[in-house]
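# Architecture and fold: a report
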Amino acid sequence: MPLSLSFHFLGDYGQTGVEMYCGAVEFVCLPSMVRHVPVLLDECMDHLDPASGGSFADLTFGGGGHSREILKANSENTLVSFDCDPDAVLRSEELKEDFGGRFTFHDLGFQEMDKVSSPSEFDGVLMDLGISSFQLMEAGKGFSFRLDAPIDMRLNPRVGQSAADFLETASRESLVRAVREYGEERRWNRVVNAIMGARGTGDLQRTKSAAEVVSKAVGGLKFRQRIHPATKTFQGIRIAINGELEALAMALPMAFRSLKSGGVLAVISFHSLEDRIVKRFMRKMAGRPEHRADSRFQQDRQVFAELFQSKAIFPTKDEVERNPKSRSARLRVLRKLNQPGL
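As the structure is a prediction and not an experimental result, all values here were calculated from the model.

### What to know about the side chain of D128
Relative to the assigned elements, D128 resides in strand β7 (residues 122–128). Within polar-contact distance, the side chain of D128 engages the backbone nitrogen of G130 at 3.1 Å. Residues in contact with D128, not counting those within four places in the same chain, are V39, T60, H66, I268 and F270.

See the structure below:
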């Protein structure tokens, strides 16, 4: 029987690969082959409107795709970018060469933007909360179980606890939070038990062996399964060790304060918990109920912004076909009203 060869994207991380079913042969692209494709690029440019000129901030530089487009849109634009990944510093050098003093890069996480930014500084602020292709495909960063390496997962490897240390030492409560709440894994109890049972064996030190621990706990990899059984758990661990949800909750008010009157905040999220934080913040700023249980009277709400639309903006079918990792992206946008002091 001939083997079926197909190109597709593996897991929710968007790694390009080839698998031959029944032959158990897999190919994953090397870091040198990685090309970062910014998601929802046209939609972001439409709402931020850099073509009209102004000062902008990209709080998640990543591969620099959004930043470059903003700077290209108008020769008078200025842009400040942030990223706590040390490798992003190197990637930013190309934009410095191309755009000179119009581009400034800060080696900081977005929750630290208040260290260098001022209130009412920017006409537009962008946050893309996805992990860049460069981070995923760099084996040493330990994000992906498709590349065997020490399991690290820190967005900034210079600080904090690695995923390996977290898996070996975290309390059961912390593991449950990471796997059940952040990873939204339905079989969280099996996974947590398996992780705790694997402590001290060495299996939690590397990406592939840790993924195998999780995979076995939830029943293994099934034929033509859309995502790897360890995907959700890896996602939850990454969110936990980086404090991603806490950092986002801190950064959104900072980003909003940094906008000029009439300035636009655009946020791309990929995870339902991230999107919930963004949605509730934006609805609060727009004076709308933050959630179904928010029953305050309208006169008790303050209106500091307007939403471009109530629902999130999703990538088109064409974009998902071109860039499958964009399938879970969603964009929310609001405009700051004229409110002195904010």
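### Remarks on the pairing of β7
Counting buried positions along β7 gives 6 out of 7 residues, so the element sits mostly inside the fold. Two elements, strand β4 (residues 55–58) and β7, share 3 bridges in a ladder whose sense is parallel. Bridging from a neighbouring strand, A57 pairs with V125 of β7. Judged from the 6 bridges that link them, β7 and strand β8 (residues 259–269) form a sheet pairing that is parallel. Paired with V125 across the strands is L265, a residue of β8.

### A few points about the packing of aromatic side chains
Counted under the stated rule, the structure contains 3 aromatic pairs. With 5.9 Å between their ring centres and 40 degrees between their planes, F61 and F103 make a pair best called tilted. Taken together, the residues F61 in the loop between β4 and α2 (65–73) and F103 in strand β6 (residues 103–106) connect sequence positions 42 residues apart. An identical accessibility class is assigned to F61 and F103; each is buried. When the ring of F61 is compared with that of F105, the centres are 5.5 Å apart and the planes differ by 80 degrees; the resulting orientation is edge-to-face.

Criteria and thresholds
- Residues numbered from 1 in each chain as written.
- Predicted model: local features only at pLDDT ≥ 70, side-chain atom pairs only at ≥ 80, totals over all residues.
- Heavy atoms only, no water.
- Helix = DSSP H or I, 4+ residues; strand = E, 2+ residues; numbered from the N terminus.
- Polar contact = N/O pair within 3.5 Å; in protein donor to acceptor, adjacent residues only side chain to side chain.
- Contact = heavy atoms within 4.5 Å.
- Buried < 20%, exposed > 50% of the residue type's maximum accessible area, 1.4 Å probe, protein only.
- Pairing = 2+ DSSP bridges.
- Phe/Tyr/Trp six-rings, centres within 6.5 Å; stacked < 30°, edge-to-face > 60°.

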